[in-house]
Amino acid sequence: MLAQLIREAARTDPDAGQAAVLFGTVTAEEPPEIKVEDRLVLRGDRLIVPDTLKKREQVIRFGEEERTVTLCPGLKAGDRVALVRAGEFFVAAGPLGAWQ
């Protein structure tokens, strides 16, 4: 899925044949915003966040009891993330986690 998003983003820009990897910090969760160094803030249409990086919850019922289970916590403010640049678009490739 991530590779498909990158290919689609690259098709929109003829100079996008060379993808670049950048690193940034999540500054806002909803809507997502990522700051790359002190020069660039990504948000809106230029920032593509795959569904696998978005917060997902599921309600589970046990008889009469209901509980909400977090399947994916999503990106949080302060997370360091890897980004792939494809033309004018940036695809969040995932949090760096232990690699920070």
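Note that the structure is predicted; figures quoted are calculated from it, not measured.

## Structural notes on a nonpolar patch on the surface
On the surface, Ile60, Phe62, Val69 and Leu71 cluster together to form a nonpolar patch covering roughly 340 Å² of accessible area. For the nonpolar patch, the secondary-structure elements that each account for two or more residues are strand S5 (56-62) and strand S6 (65-72). Note that valine 69 resides in strand S6. Residue classification places valine 69 among the partly exposed positions, given a relative accessible area of 32%.

## Points about unusual backbone geometry
Proline 31 follows glutamate 30 through a cis peptide bond whose omega is -10 degrees. In this structure, proline 31 sits in the loop between strand S1 (20-28) and strand S2 (33-36). Residue glutamate 37 is not a glycine yet carries a positive backbone phi of 50 degrees. Within the secondary structure, glutamate 37 is located in the loop between S2 and strand S3 (40-43).

## A short note on the sheet that holds strand S8 (residues 89-95)
The six strands lie next to each other as S3-S2-S1-S7-S8-S4, forming an open sheet whose pairing is mixed. Whereas interior strands pair on both sides, the edge strands pair on one side only; in this sheet they are S3 and strand S4 (47-48). By the bridge criterion, six bridges tie S1 to strand S7 (residues 80-86) in an arrangement that is antiparallel. Each residue of the ladder has a partner; that of phenylalanine 23, found in S7, is alanine 82.

## A word on the pattern of salt bridges
Within the structure shown, the criterion is met by seven salt bridges. A salt bridge links glutamate 37 to arginine 39; its shortest N-O distance comes to 3.5 Å. Given the relative accessible area of 55%, glutamate 37 is considered exposed.

## As for the pairing of S6
As judged from the seven bridges shared by S5 and S6, these two strands associate in the antiparallel manner. Counterpart to isoleucine 60 in the pairing with S6 is arginine 67. Between S5 and S6, which follow one another and run antiparallel, lie two residues, and glycine 63 among them has a positive phi close to 65 degrees.

## What about the environment of leucine 53?
Tracing the sequence through the fold places leucine 53 in the loop between S4 and S5. Along the chain, leucine 53 and proline 95 lie 42 residues apart, while their C-alpha atoms are 8.4 Å from each other. Those residues in contact with leucine 53, other than ones at most four positions away along the chain, are Gly74, Leu75, Ala92, Ala93, Gly94 and Pro95.

Scoring rules and cut-offs
- Residues numbered from 1 in each chain as written.
- Predicted model: local features only at pLDDT ≥ 70, side-chain atom pairs only at ≥ 80, totals over all residues.
- Heavy atoms only, no water.
- Patch = residues over 30% accessible without salt bridge, like charges linked within 9 Å, V, L, I, M, F, W, Y side chains within 5 Å.
- Areas by Shrake-Rupley, 256 points an atom, 1.4 Å probe, with all protein chains shown as cover.
- Salt bridge = Lys/Arg side-chain N within 4 Å of Asp/Glu carboxyl O.
- Helix = DSSP H or I, 4+ residues; strand = E, 2+ residues; numbered from the N terminus.
- Buried < 20%, exposed > 50% of the residue type's maximum accessible area, 1.4 Å probe, protein only.
- Pairing = 2+ DSSP bridges.
- Contact = heavy atoms within 4.5 Å.

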